[in-house]
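Take a look at the letters that make up each chain.
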Protein chains: 2
Amino acid sequence: MHQVMEWNEDVSEAVKAELAGHGVCLVNILGSPGAGKTSTLVELIARLRERYRIGVIEGDITGQIDADTIHALGLPVVQLDTDGACHIEAMSIQHILPHFHLDELDVLFVENIGNLVCPAEFNIGESFRLAILSIPEGDDKVEKYPLMFSTSDALALNKYDLKEYFGFDDSRVERSARSVNKDITIFHTSSRTGQGLEELSGWVAQRIDAALGRASQ
Amino acid sequence: MHQVMEWNEDVSEAVKAELAGHGVCLVNILGSPGAGKTSTLVELIARLRERYRIGVIEGDITGQIDADTIHALGLPVVQLDTDGACHIEAMSIQHILPHFHLDELDVLFVENIGNLVCPAEFNIGESFRLAILSIPEGDDKVEKYPLMFSTSDALALNKYDLKEYFGFDDSRVERSARSVNKDITIFHTSSRTGQGLEELSGWVAQRIDAALGRASQ
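None of the values given here were measured: they were computed from a predicted structure.

A. Geometry of the interface of chain A and chain B. In this complex, chain A contributes 33 residues to the contact, which on the side of chain B involves 33 residues. For the pair chain A and chain B, the summed buried surface comes to about 2,500 Å²; carbon and sulfur atoms form 59% of the total. The largest contributions to the chain A side of the interface with chain B come from A:Pro33, A:Lys144 and A:Tyr165, which together make up 24% of the buried area. In this assembly, chain A and chain B are joined by two salt bridges. Note that B:Asp66 is salt-bridged to A:Lys144, the shortest N-O span being 2.8 Å. Our count for the chain A to chain B interface comes out at ten residue pairs in polar contact (both at pLDDT 80 or more). Elements that contribute at least two residues to the side of chain A that touches chain B include exactly helix H3 (65-71), helix H5 (141-144) and helix H7 (163-166) of chain A.

Right under this line is the structure:
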C-alpha cells in the first residue's frame, strides 16, 4: 500500500506538471454522496465560465448521471468510470487527459467519487481541493473523517438552508476543521437559496488565478 | 485484491459460525456518513432490547463519538477504530469478538464506516444487511452506488420527513433498488417523526428470529 501511495504521488506531480505546461489548473472537489458536489459545481461554472475556459472530469463508480448534467451546460466533460473503485487515482487522470484539448482550457474541475474517506488519500494533480460537507450529514463529520478536511483548502458547508432544521452546530464543525487545518477557508452555501456562492466562486477564482500566475481581478 | 477478498470471505464464514455457536446473530448496518445509522440503531435498540440481549460494534475511522452514544444506553459496545481504513473487514470483527460475553448476547449490531462504497464489498459474518440512505443524499444514489443496495436485505429511506423539501422521487429509488435486488425490502423512516420505525423494527426482529431459529412472535 505504501508503494501504491508513493507511486500515486509521482504520477500526481507528473499530471500537475503536464497541466501547467498547458496553462491548466486542476481543482479536486470532494465530499460524501449527496453532499451537493455536482450542484455546487454547476453554480461555480455559471459564475466562472465567462472568465475561464472550463473542462470537467466526472468521477463515478458507474453510470454517467452527473456527466450528462455537465454535458448539458455545453462544456467539455469526460466521464471517469472507476468500475467499482472508491476513489480516483492520479493514473486515471493521466489516462483521461488526452481526451481534452488542454490548450483550449484554463481550469479542469474533477468531481471525485462520493466518499468522505478514500479520495482524500490520493492526490490527482490538483492545485487545490474543495471539500463539500452538507448540513444533513451532521456536525460531527470533521471529527469522524479528519483526513478529508485536513487536506482541503476550503470547506463549503452546503445545504446551509437546513441548518435550523437539523440544529447543526457551525461552531463545532469550524472548530474541529481548524483544529486539523488552521488555514482552511470555510463557506456557508446553498444551491437552493444561492447563499455563499458568490463568495465561494470568488475564492475559487483567486486560487485559480494564483495557480495560473495571473493577477486576480 | 482478489485473494484479499477470498480470505475475507473465509474469515466471514468463520465469524458467522463462531457466533452461531453462541446463538448470536450479527447485523451489518451500512450507509453514507450522516445517513442516520447511529440514530436508527438507537431507535431499533429501544424497540428490541426487551426481546433480545443486544451488543454493538461501532466502526469508526477515528474517535468514539458513536460508541459513547450507545454506551450511554447501557449496552455492551466495543469501538472498532479502523485507523483510517474505509471499511470493516471480517478479521477486525474476529479480533473484537473476545471483548464480548457472547453467551450473554442474542444480537450483535455492527455500525459500519460511513461510506456507500467499500464496506459493501466485505462480508463480516453478518446474517443480514440493512442499508440506510437518507433523503438529502438524493434519489440517484442507488444508480450511482449499486453494490451497497444489491447486497443489502433491506433499505431504509431515512430522514423521510424531508421528502417534500428535497423533491425526492421514491419511485426512482425503489425502481433502481429493485432492478439490482428484486428481494430488497424498503422502509420509509424518520427518527424525527418516528415514521416507519415500528415496521423496520418488526422486520429486523423477524430476520433475527429466522437467523436464531426461533419462532417469530
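B. Examining unusual backbone geometry more closely. All names here are of chain A. Residues other than glycine seldom take positive phi values, yet Asp83 does so here, at roughly 55 degrees. By the element assignment, Asp83 lies in the loop between strand S3 (77-81) and helix H4 (90-96). Positioned with a positive phi, Lys159 is a non-glycine residue whose angle comes to about 55 degrees.

C. Geometry of the nonpolar core. The biggest cluster of nonpolar side chains holds 86 residues, and the ones touching the most others in it are A:Ile93, A:Leu155, B:Ile93 and B:Leu155. Excluding its chain neighbours within four sequence positions, the residues that come into contact with B:Leu155 are B:Ala131, B:Leu133, B:Phe149, B:Val173, B:Ala177, B:Ile184, B:Thr185, B:Ile186 and B:Phe187.

D. Just the sheet that holds strand S3 (residues 77-81) of chain B, in detail. Residues and elements named next belong to chain B. The strand order across the open sheet formed by seven strands is S3-S2-S4-S1-S5-S6-S7, and the pairing between neighbours is parallel. Either end of the sheet is taken by a strand with one partner, and the two such strands are S3 and strand S7 (185-188). For this sheet, the mean angle separating the axes of adjacent strands, direction not counted, is 20 degrees. In this sheet, strand S5 (residues 128-134) lies alongside strand S1 (residues 25-31) in parallel orientation, the contact comprising five bridges. Bridge assignment links Gly31 to a residue of S5, and that residue is Ile132. The sheet strands contacting helix H2 (residues 37-48) are S1, strand S2 (54-60), strand S4 (107-111), S5 and strand S6 (154-158), and the helix crosses S4 at an angle near 165 degrees. Strands S1, S4, S5, S6 and S7 of the sheet are contacted by helix H9 (residues 197-212), whose axis makes an angle of about 160 degrees with S5.

E. Structural view of the packing of helix H2 (residues 37-48) of chain A against helix H9 (residues 197-212) of chain A. Residue and element names in this part refer to chain A. At a closest axis distance of 10 Å, the pairing of H2 and H9 adopts a crossing angle of 70 degrees. Judged by the angle between their axes, H2 and H9 are roughly perpendicular. Between H2 and H9 lies a crossing of right-handed hand. Along the contact surface, H2 presents Thr40, Glu43, Leu44, Arg47 and Leu48, while H9 presents Leu197, Glu198, Leu200, Ser201, Val204 and Ala205. Its residues assigned to classes, the contact of H2 with H9 shows six nonpolar, two polar and three charged.

F. Representation of the relation of the copies chain A and chain B in the model. Superposition record for chain A on chain B: RMSD 0.0 Å, screw rotation 180 degrees, translation along axis 0.0 Å. Within this description, the copies of the chain are treated as partners about a two-fold rotation axis. It is A:Asn115 whose C-alpha, among those of chain A, lies nearest the rotation axis, at 3.0 Å. A shared binding surface is used by both copies, with 100% of the interface residues of chain A retained as interface residues in chain B.

G. Expanded view of the pairing of strand S4 (residues 107-111) of chain A. Residues and elements named next belong to chain A. Taken across its five residues, S4 has five buried, putting it largely inside the fold. Burial along S4 is two-sided: Val107, Phe109 and Glu111 facing one way and Leu108 and Val110 facing the other are all buried. Where strand S1 (residues 25-31) and S4 come together, five bridges link them in parallel fashion. Along S4, the bridge assignment pairs Val27 with Phe109. Note: strand S2 (residues 54-60) against S4, five bridges, orientation parallel.

H. Spatial organisation of the sheet that holds strand S6 (residues 154-158) of chain A. Residue and element names in this part refer to chain A. Ordered by their spatial adjacency, seven strands build an open sheet running S3-S2-S4-S1-S5-S6-S7, and the pairing between neighbours is parallel. Two strands in the sheet have a free side with no partner beyond their single neighbour: S3 and strand S7 (185-188). When the angles between neighbouring strand axes are averaged without regard to direction, this sheet yields 20 degrees. Bridging between strand S5 (residues 128-134) and S6 involves five bridges; their strand directions are parallel. Considered in S6, the bridge of Ala131 is made with Leu155. Taken strand by strand, helix H8 (residues 170-180) contacts S5, S6 and S7, and its axis lies near 160 degrees from that of S7. The strands touched by H9 within the sheet are S1, S4, S5, S6 and S7, with S5 carrying the most contacts at an inclination of about 160 degrees.

What counts, and where the lines are drawn
- Residues numbered from 1 in each chain as written.
- Chains lettered and ligands numbered in written order.
- Predicted model: local features only at pLDDT ≥ 70, side-chain atom pairs only at ≥ 80, totals over all residues.
- Heavy atoms only, no water.
- Contact = heavy atoms within 4.5 Å.
- Buried area = accessible area lost by both parts, 1.4 Å probe.
- Salt bridge = Lys/Arg side-chain N within 4 Å of Asp/Glu carboxyl O.
- Polar contact = N/O pair within 3.5 Å; in protein donor to acceptor, adjacent residues only side chain to side chain.
- Helix = DSSP H or I, 4+ residues; strand = E, 2+ residues; numbered from the N terminus.
- Core = buried A, V, L, I, M, F, W, Y, C linked by side-chain atoms within 4.5 Å.
- Buried < 20%, exposed > 50% of the residue type's maximum accessible area, 1.4 Å probe, protein only.
- Pairing = 2+ DSSP bridges.
- Axes fitted to C-alpha atoms, helices over the stretch in contact; angles between N-to-C directions.
- Parallel < 35°, antiparallel > 145°, perpendicular 65-115°, else oblique.
- Left-handed = near helix turned anticlockwise from the far one by under 90°.
- Nonpolar A, V, L, I, M, F, W, Y, C, P; charged D, E, K, R; others polar.
- Least-squares fit on C-alpha atoms with pLDDT ≥ 70 in both.

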